[in-house]
Amino acid sequence: MHLRPFFPRRSRGRLALVGAALAAVTAGLLPGAAAAGPGGPGREDRPSDRGLSAVIRYTEYGVPHILAGGYADLGFGTGWAQAADQVCVLADGFVTVNGERSRHFGASGAPDGSLSSATTNLASDLYFRGVKEAGTVEALLRTPAPAGPSGELKELMRGWAAGYNAWLRKNRITDPACAGAGWVRPVTALDVARRGFAVSVLGGQGRAVDGIAAARPPAVAAARTPKGPAEDTGPGRAAEDVDPERTAEAARALFAASNATMGSNAVAFSGATTANGRGLLLGNPHYPWQGGRRFWQSQQTIPGELNVSGASLLGTTVVGIGFNDRVAWSHTVATGVPMNLHQLTLVPGDPTAYLVDGKAERMTARTVTVTDRDGAPVTRTQWWTRYGPVTSGLGASLPLPWTETTAYALNDPNAANLRGSDTALGLAKARSTRDVAEALRRTQGLPWVNTIAADSSGHSYFSQSQVLPRITDELAERCSTPLGRVVYPASGVAVLDGSRAECAPGSDPDAVQPGIFGPSRMPVVEDAPYALNSNDSAWLTNAERPVTGYERVFGTIGTPRSLRTRGGIEDVAGMAARGRLTVADLQRQQFANRVPAAGLAAADVVAACPAALPAEPEACRVLAAWDRTMDSDSRGALLFDRFWRRFTSSVPAAQQWKVPFSAADPVRTPRGLDTGTAGFAKALADAVAELRAAGIALDAPLRDHQFVVRGGERIPVSGGTESLGVWNKTEPVWNAAGGGYVEVAHGTSHVQAVGWDGGRCPVARTLLTYSQSSNPASPHFADQTRLYAGERWVTSRFCERDILRSPALRVVRVRD
């Protein structure tokens, strides 16, 4: 095999060794089946396109180790391998970002929820076609680095598209989700960039897709026309006042971690707590189990340039969460609010013009037409301002009506950010947590996550390095509208006076783009014994070293923490205090399945149960005997879970506990369940009645009623919901008639437990809970899901010798 001379002189010796090892494989020195491509023994695949090439070595559970001679080649191998596992999910996403869902699936059909909050295909298409026709992504690609994407990233995108297309040309699709479908088509590097843009704006414009698509001036709403080739304005809305208190609560709920479909835990331990003085990292992202926000595992190698293993979001070109031989990192969804609103004062008699410093400015009209499979084309006009698009709301619960006098424009700084994958590249190349900090400072590309890292020298690190609108508390105090004065403290969503130019977000001198915070303003914790985040703000990253002094838009200070954060702090602080930690301790923590809610409340529930349920002594016995975990074999877990969901959803938080929250004791408060509140007995009785009606024994083991079905096989799933506070988060789908929890909506996804022992290879254990492929015909459709059910792990093969020794090794061979 020949690889073009890309590598610096110092790495050519290493490359020669790699080439020799691969030559041994292709020469048949390993078992014959090991050299087979994805089609099976004896088949040789040669994915190449216009000179691009890669070598893909598959090891256990279908994990590809991609070896390439440059960034375009690496992208090529990654695109090929992702298509092999996830072609239908990927193709569906490309339909989305090209604004063609209505054309293929009908305007009223269910949208691709992984790339926006749209509730219909029509709304999704109107937004994404607007992005496409405005040339938004093309303009970002033309922006020079560091504000724009690097040349390396552009090469990765070019190669990824070529690899995906090559796989489509050379393979027959066997996944029934898209086999024979006309919407599975070749893509371009621009399509890949558009997908990256959609991921970047998920926390901003992506939350307001329905509102952007539906926003229209009141004069247009009054003169709406029937649906047809002309513009369809949709249902009208009468002018109404916005209730500040209701809007504040809706905004708080919208951005609350407890209501999110993505979250995570991650903890880094410093060498002061470990057995060998080196760092440890446990990453536990909580992401959807279906669709385009799934993770996908790989190792990416350009000898002498890049060598990283971990997980990528589908359709992205880089490892987003992972490790190399010196550093490991993970991300958690952050509390920073990556958007804000500007309340516009409209010109009297002209609702499409607004005032700034007393001067009228016209909105820009963007007219978009969407083809509908089931009817005539639909044409709508979107309205844009100097601040961003006009929106009629942030979801159904947070309307922002456009009246004769007022409209709301959304500012999303991540709509100017295609740097996220450059940040991932910087982290992949890091040799220490100091390099991690430098990569975050240089690229400033993360839109909605924190970063937690550890290194082989024993350092730990946390940073809330997000692309956020530069809204200081001083600016919010000076420029908030009456609505904003209520909404901003409650939710972090600023509503600024759009009639004053001085009220636009400011700029920091160390920021790579205008209107965002620079790195010097980010909350950071370095070299703490532990650095933990479970989707609360940075305040208690380390409970002994609280972080303060950041602006409200980053998150809260001195407020109640979630049960998952409280339980996580108890666990990891205890681990750090015990010391002598190893990777095995991280693995035990992942599957401890302890229920923090039970630690606070179970004894009170058991004590009050006989009075609350005098006719149900069995329920009280079951709860008393419960082991306080959400292990698959746990009996009583399901009963407590169903009770707790009812109790916490029906009883206001302020009425649930006898001892209120105290900022001086944030991990132990609130506590003392108030079993005298009216909702307690009802929640307990209803849970018992529900299980009996479903034919589920009160003491049934959790495994019998919390599972997923793959290929007709029931696979039990442990873990618990957000409200229970379980580290190993599982948000399952309840179907009493089907037997209980019969699927997982989102929860534990790609897990990595990483450390170092002084050798050249990291000590890493990984697990992809839903497995590599969405294709039921793939051998990797459910193999890691079975591992997850048995609380077993994959031993990562990072070094070449370990890859080549894999008993499952098969090679997709390339010859230039």
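Residues numbered from 1 in each chain as written. Predicted model: local features only at pLDDT ≥ 70, side-chain atom pairs only at ≥ 80, totals over all residues. Heavy atoms only, no water.

**Topic: helix H4 (residues 121–134)**
Right, so step 1: Taking 1.5 Å of rise per residue, the 14 residues of H4 would be expected to cover 20 Å, and the 20 Å separating its terminal C-alpha atoms lies within 8% of that figure.
Right, so step 2: Of all 14 residues in H4, 11 are buried; the element is thus mostly enclosed.
Right, so step 3: Trailing H4 by a residue or two, Gly135 shows a phi angle of about 70°, which is positive. (Helix = DSSP H or I, 4+ residues; strand = E, 2+ residues; numbered from the N terminus. Expected span 1.5 Å × (residues − 1). Buried < 20%, exposed > 50% of the residue type's maximum accessible area, 1.4 Å probe, protein only.)

**What to know about the environment of Ser53**
Right, so step 1: Tracing the sequence through the fold places Ser53 in strand S2 (residues 52–53).
Right, so step 2: Taking the relative accessible area as the measure of exposure, Ser53 reaches 4% and is therefore buried.

**A look at the state of the cysteines**
Should the sulfur atoms of two cysteines be covalently bonded, the bond is a disulfide.
Right, so step 1: Counted by the stated rule, this structure contains four disulfides.
Right, so step 2: Disulfide pairing is shown between Cys88 and Cys178; the S-S distance is 2.0 Å. Negative torsions about the S-S bond denote left-handed disulfides, and the value of about -80° found for Cys88 with Cys178 makes this one left-handed. Remark: Cys178 occurs in the loop between helix H6 (151–170) and helix H7 (189–200) and Cys88 occurs in helix H2 (residues 71–97); sequence separation between them is 90 residues. You'll find Cys88 and Cys178 in the same group, each marked buried.
Right, so step 3: Here Cys609 pairs with Cys620 through a disulfide, and the sulfurs are 2.0 Å apart. (Disulfide = S-S within 2.5 Å.)

**Points about the pairing of strand S27 (residues 740–748)**
In regular strands, side chains alternate between the two faces of the sheet.
Right, so step 1: With eight of its nine residues buried, S27 lies for the most part within the structure.
Right, so step 2: Taken together, the three bridges between strand S6 (residues 280–288) and S27 define a ladder with antiparallel strand orientation. What sits directly across from Tyr287, in S27, is Gly747.
Right, so step 3: In this sheet, S27 lies alongside strand S26 (residues 730–735) in antiparallel orientation, the contact comprising six bridges. Looking at S27, one finds that Val733 is bridged to Glu743.
Right, so step 4: With antiparallel pairing between neighbouring strands as the criterion, S26 and S27 make up a hairpin whose turn holds four residues, including Gly739 at a positive phi of roughly 120°. (Pairing = 2+ DSSP bridges.)

**Things to note about the sheet that holds strand S4 (residues 63–67)**
Right, so step 1: The strand order S20-S18-S17-S10-S9-S8-S7-S4-S3-S31 describes an open sheet built from 10 strands, whose pairing is mixed. Looking at which strands have only one partner, the edges of the open sheet turn out to be strand S20 (524–526) and strand S31 (810–812). Put simply, the sheet's adjacent strands are angled 20° from each other on average, direction ignored.
Right, so step 2: Pairing of strand S3 (residues 55–59) with S31 involves three bridges; the strand directions are antiparallel. Note on S31: the bridge partner recorded for Ile56 is Val812. (Axes fitted to C-alpha atoms, helices over the stretch in contact; angles between N-to-C directions.)

**Let's talk about the packing of aromatic side chains**
Right, so step 1: As enumerated under the stated definition, the model contains 23 aromatic pairs in all.
Right, so step 2: Look at Trp644 and Trp657: their rings are 6.1 Å apart centre to centre, the planes differ by 55°, and that puts the pair in the tilted class. Of this pair, Trp644 sits in helix H19 (residues 637–650) while Trp657 is found in strand S22 (residues 657–659), placing the two residues 13 residues apart along the sequence. One exposure class covers both Trp644 and Trp657, and it is buried. (Phe/Tyr/Trp six-rings, centres within 6.5 Å; stacked < 30°, edge-to-face > 60°.)

**Quick notes on the nonpolar core**
Right, so step 1: Core analysis: the largest hydrophobic core is formed by 179 residues, its most contacted members being Val87, Tyr164, Phe197 and Phe269.
Right, so step 2: Ranked by the residues each element gives to this core, the list is headed by H2, at 15 residues.
Right, so step 3: Sequence-distant contacts of Tyr164, that is, excluding residues within four places in its chain, are made with Gly79, Trp80, Ala83, Val87, Leu90, Ala91, Phe94, Arg185 and Val187.
Right, so step 4: Core analysis: the next-biggest nonpolar cluster, separate from the first, contains 39 residues, Ala619, Val688, Ile696 and Leu724 among them. (Core = buried A, V, L, I, M, F, W, Y, C linked by side-chain atoms within 4.5 Å. Contact = heavy atoms within 4.5 Å.)

**Quick word on the confidence of the model for the chain**
Right, so step 1: On average, residues of the chain score 92 in pLDDT, and 91% of them are at 70 or above.
Right, so step 2: Below pLDDT 50 for its whole length, residues 1–18 participates in 26 contacts with residues either more than four positions away or in separate chains.
Right, so step 3: For the stretch residues 24–44, pLDDT sits under 50, and the model shows 39 contacts to residues farther than four places along the chain or on other chains. (pLDDT = per-residue confidence, 0-100.)

**Points about the side chain of Gln587**
Right, so step 1: As for its position among the elements, Gln587 is in helix H16 (residues 583–590).
Right, so step 2: When sequence neighbours within four positions are dropped, the list of residues in contact with Gln587 reads Ala753, Arg765 and Trp793.

**Let's talk about the side chain of Gln772**
Right, so step 1: Assignment of secondary structure puts Gln772 in the loop between strand S29 (763–768) and helix H21 (783–789).
Right, so step 2: Beyond its immediate sequence surroundings of up to four residues, Gln772 is in contact with Tyr61, Gly62, Val63, Pro64, Asp85, Gln86, Arg294, Trp296, Gln297, His780 and Gln784.

**With respect to the pairing of S29**
Right, so step 1: Two strands pair when backbone bridges link them, and strand S28 (residues 750–755) and S29 are joined in this way by six bridges, in the antiparallel orientation. Considered in S29, the bridge of Gly755 is made with Val763.

**Overview of the packing of helix H11 (residues 420–429) against helix H12 (residues 433–443)**
Right, so step 1: At their nearest, the axes of H11 and H12 sit 8 Å apart, and the two run at 160° to each other. Relative to H12, the element H11 lies roughly antiparallel. As H11 runs across H12, the sense of the crossing is right-handed. The residues of H12 that touch H11, namely those facing Asp422, Thr423, Gly426 and Leu427, are Val436, Ala439, Leu440, Arg442 and Thr443.
Right, so step 2: The residue inventory of the contact of H11 with H12, partitioned by class, reads four nonpolar, three polar and two charged. (Parallel < 35°, antiparallel > 145°, perpendicular 65-115°, else oblique. Left-handed = near helix turned anticlockwise from the far one by under 90°. Nonpolar A, V, L, I, M, F, W, Y, C, P; charged D, E, K, R; others polar.)

**Quick look at H11**
Right, so step 1: Among the 10 residues that make up H11, eight are buried, leaving the element largely enclosed by the rest of the structure.
Right, so step 2: Within H11, burial applies to Ser421, Asp422, Thr423, Ala424, Leu425, Gly426, Leu427 and Ala428.
Right, so step 3: In this structure, the buried side of H11 is in contact with H2, H6, strand S8 (306–313), strand S10 (327–333) and H12.

**Overview of the environment of Leu52**
Right, so step 1: Positionally, Leu52 belongs in strand S2.
Right, so step 2: It is 23 Å that separates the C-alpha atoms of Leu52 and Ala311, two residues lying 259 residues apart in sequence.

**Here we look at the packing of H6 against H11**
Right, so step 1: Between H6 and H11, the shortest axis-to-axis distance is 9 Å and the interhelical angle comes to 105°. Taken together, the axis directions place H6 and H11 in an arrangement best described as roughly perpendicular. For the pair H6 and H11, contact is made by Glu152, Leu153 and Leu156 and by Ser421, Asp422, Leu425 and Lys429, respectively.
Right, so step 2: Residues belonging to the contact of H6 with H11 are distributed by class as follows: three nonpolar, one polar and three charged.

**As for the pattern of salt bridges**
Right, so step 1: Counted according to the given criterion, the structure contains 43 salt bridges.
Right, so step 2: Of the charged contacts, one joins Lys682 and Asp686 as a salt bridge, the two residues approaching to 2.7 Å between their closest N and O atoms. With Lys682 and Asp686 both in helix H20 (residues 678–693) and four residues apart, this pair spans about one turn of that helix.
Right, so step 3: Judged by relative accessible area, Lys682 falls into the exposed class, the value being 55%.
Right, so step 4: Look at Asp686 and you get partly exposed, because its relative accessible area is 29%.
Right, so step 5: One connected set of salt bridges, linked through shared partners, spans Glu474, Arg478, Asp497, Arg500 and Glu502. (Salt bridge = Lys/Arg side-chain N within 4 Å of Asp/Glu carboxyl O.)

**Focus on unusual backbone geometry**
Right, so step 1: Cis geometry marks the peptide bond from Ala145 to Pro146; its omega dihedral reads 10°.
Right, so step 2: The topology assignment puts Pro146 in the loop between helix H5 (136–142) and H6.
Right, so step 3: Cis peptide bonds are those with omega within 30 degrees of zero, and the linkage from Thr669 to Pro670 qualifies with 0°.
Right, so step 4: The phi angle at Asn593 is positive, at roughly 55°, despite the residue not being glycine.
Right, so step 5: Checked against the element boundaries, Asn593 lands in the loop between H16 and helix H17 (596–612).
Right, so step 6: On the basis of relative accessible area, Asn593 is assigned to the buried category, the value being 2%.
Right, so step 7: The phi torsion at Arg628 lies on the positive side, around 70°, for a residue other than glycine.

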